[in-house]
Amino acid sequence: RTGARRHHRLLGQRSHDNSAICCPPPHHSLDASLPEAPYAEIEATYLVRPGVPFHTAAQVDTEGVRVASSRRSAYTLWLEDNLRAAQLVQTEEPGAEGSWDLFQDRELEALAGLRSFLTGKAAELPGSRLLDDRFTSIQQAPDYRNRPMH
């Protein structure tokens, strides 16, 4: 399955009248009712454990590297489609805090997440490094498709 198909499947599972949704990359055509203009772009990158030699996101995709990530997040869907050598280790339930616990408990080499979350976690693990670049970004836009028309 492509990331776009998974994205479309997840859109059908919403339970809110008004919500923010992740916009698929421009080359995907899912549905004419999807928003066209995102209001925010959020970077996803890696936090690496002390002693891990990587300096770029591309270097993380290496044989033997284990990456903790939050199940069903937009960036995890991207990693499922794009990691070729590294092993993606997902949480049982969605949630960034759970991915932090997984990263710590199993002493994984890298933690995938949104830059804002990882910045705070880097302070909790002395010697860890937040990579300067990103592996993807997530565009968000308002979703008014189920909003009542007046």
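Relevant structure appears above.
Below is a summary of the structure that appears in this document. Every residue gets a number counted from 1 within its own chain, in the order that chain's sequence is written. The predicted nature of this model means local features are confined to residues of pLDDT at least 70 and side-chain atom pairs, given and counted, to a pLDDT of 80 or more, with totals for whole chains, interfaces and linings taken over all residues. By convention in this description, side-chain values take in all heavy atoms of the structure and omit both hydrogens and water.

**Some points on the nonpolar core**
- Counting 18 residues, the largest nonpolar core has Tyr 46, Val 60, Val 67, Ala 112 and Phe 135 as its most contacted members.
- Only DSSP runs of H or I with at least four residues qualify as helices, and only runs of E with at least two residues qualify as strands; both kinds are numbered from the N terminus onward. The set of elements that each furnish at least two residues to this core consists of β2 (40–48), α2 (57–60), α3 (74–82) and β5 (110–114).
- At three residues, the largest contribution of residues to this core is made by β2.
- Ranked by size, the runner-up nonpolar core spans 11 residues in total, among them Ala 68, Trp 100, Leu 102 and Leu 118. What we call a nonpolar core is a set of buried Ala, Val, Leu, Ile, Met, Phe, Trp, Tyr and Cys residues that are connected through their side-chain atoms within 4.5 Å. Note on exposure labels: buried denotes an accessible area under 20% of the residue type's maximum, exposed denotes more than 50%, and partly exposed covers the range between, all computed with a 1.4 Å probe on protein chains only.

**Points about the pattern of salt bridges**
- The working definition used for a salt bridge is a side-chain nitrogen of Lys or Arg within 4 Å of a carboxyl oxygen of Asp or Glu. Tallied over the entire structure, the rule returns five salt bridges.
- Ionic pairing is found between Arg 115 and Glu 43, a salt bridge with its closest N-O pair at 2.7 Å. With a gap of 72 residues between them, Arg 115 in helix α5 (residues 115–122) and Glu 43 in strand β2 connect regions that are remote in the sequence.
- The residue Glu 124 makes a salt bridge to Lys 121 at a minimum N-O spacing of 3.3 Å.
- Several salt bridges share partner residues, and in doing so they unite Glu 43, Arg 115 and Arg 134 into one network.

**Looking at unusual backbone geometry**
- Non-glycine residue Arg 72 carries a positive phi angle of around 70 degrees.
- In this fold, Arg 72 is placed in the loop between β3 (66–69) and α3.
- The exposure class of Arg 72 is partly exposed, given its relative accessible area of 46%.
- Despite not being glycine, Glu 107 has its phi angle at roughly 50 degrees, a positive value.
- Among the structural elements, Glu 107 can be located in the loop between α4 (96–105) and β5.

**Focus on the side chain of Thr 45**
- Within the element layout of this structure, Thr 45 appears in strand β2.
- A relative accessible area of 0% places Thr 45 in the buried class.
- In what follows, a contact means two residues having at least one pair of non-hydrogen atoms within 4.5 Å. Other than its neighbours up to four places away in sequence, Thr 45 contacts Leu 111, Ala 112, Gly 113, Arg 115, Leu 118, Leu 130, Leu 131, Asp 133, Arg 134 and Phe 135.

**Concerning α5**
- Buried within α5 we find Arg 115, Phe 117, Leu 118 and Lys 121. For α5, the buried positions fall inside an angular range of 155 degrees around the axis, keeping them on one side. The arc in question is traced by the directions running from the helix axis to the C-beta atoms.

**What to know about the pairing of β5**
- With four of five residues buried, β5 lies mostly within the body of the structure.
- Pairs of strands are assigned from DSSP output, requiring at least two bridges between the strands. Pairing geometry for β2 and β5, over five bridges, is antiparallel. Looking at the pairing, Tyr 46 lines up with Ala 112 of β5.
- For β3 and β5, the ladder comprises two bridges, and the chain directions are parallel.

**A few points about the packing of aromatic side chains**
- Each Phe, Tyr or Trp ring, with Trp reduced to its six-membered ring, pairs with another whose centre is within 6.5 Å; inter-plane angles below 30 degrees give stacked pairs, above 60 give edge-to-face pairs, and intermediate values give tilted ones. According to the stated counting rule, one finds three aromatic pairs in the structure shown.
- Here Tyr 46 and Phe 135 contribute two aromatic rings whose centre-to-centre distance is 4.6 Å and whose plane-to-plane angle is 35 degrees, an arrangement assigned as tilted. Of this pair, Tyr 46 sits in strand β2 while Phe 135 sits in the loop between β6 (129–130) and β7 (136–143), placing them 89 residues apart in sequence.
- Centroid distance Trp 78 to Phe 135: 5.6 Å. Interplanar angle 35 degrees. Geometry classified as tilted. Taken together, the residues span a long stretch of sequence, with Trp 78 in helix α3 and Phe 135 in the loop between β6 and β7 at a distance of 57 residues.
- For Trp 78, a relative accessible area of 32% gives the class partly exposed.
- Relative accessible area serves as the criterion here: at 11%, Phe 135 is assigned to the buried category.
- Taken together, Tyr 46, Trp 78 and Phe 135 form an aromatic cluster joined through their ring pairs.
- Placement of a charge over a ring requires the Lys NZ or Arg CZ to be within 6 Å of the ring centre, with the centre-to-atom vector within 35 degrees of the ring normal. The side chain of Arg 49 reaches across the aromatic face of Phe 103, ending 4.3 Å from its centre.

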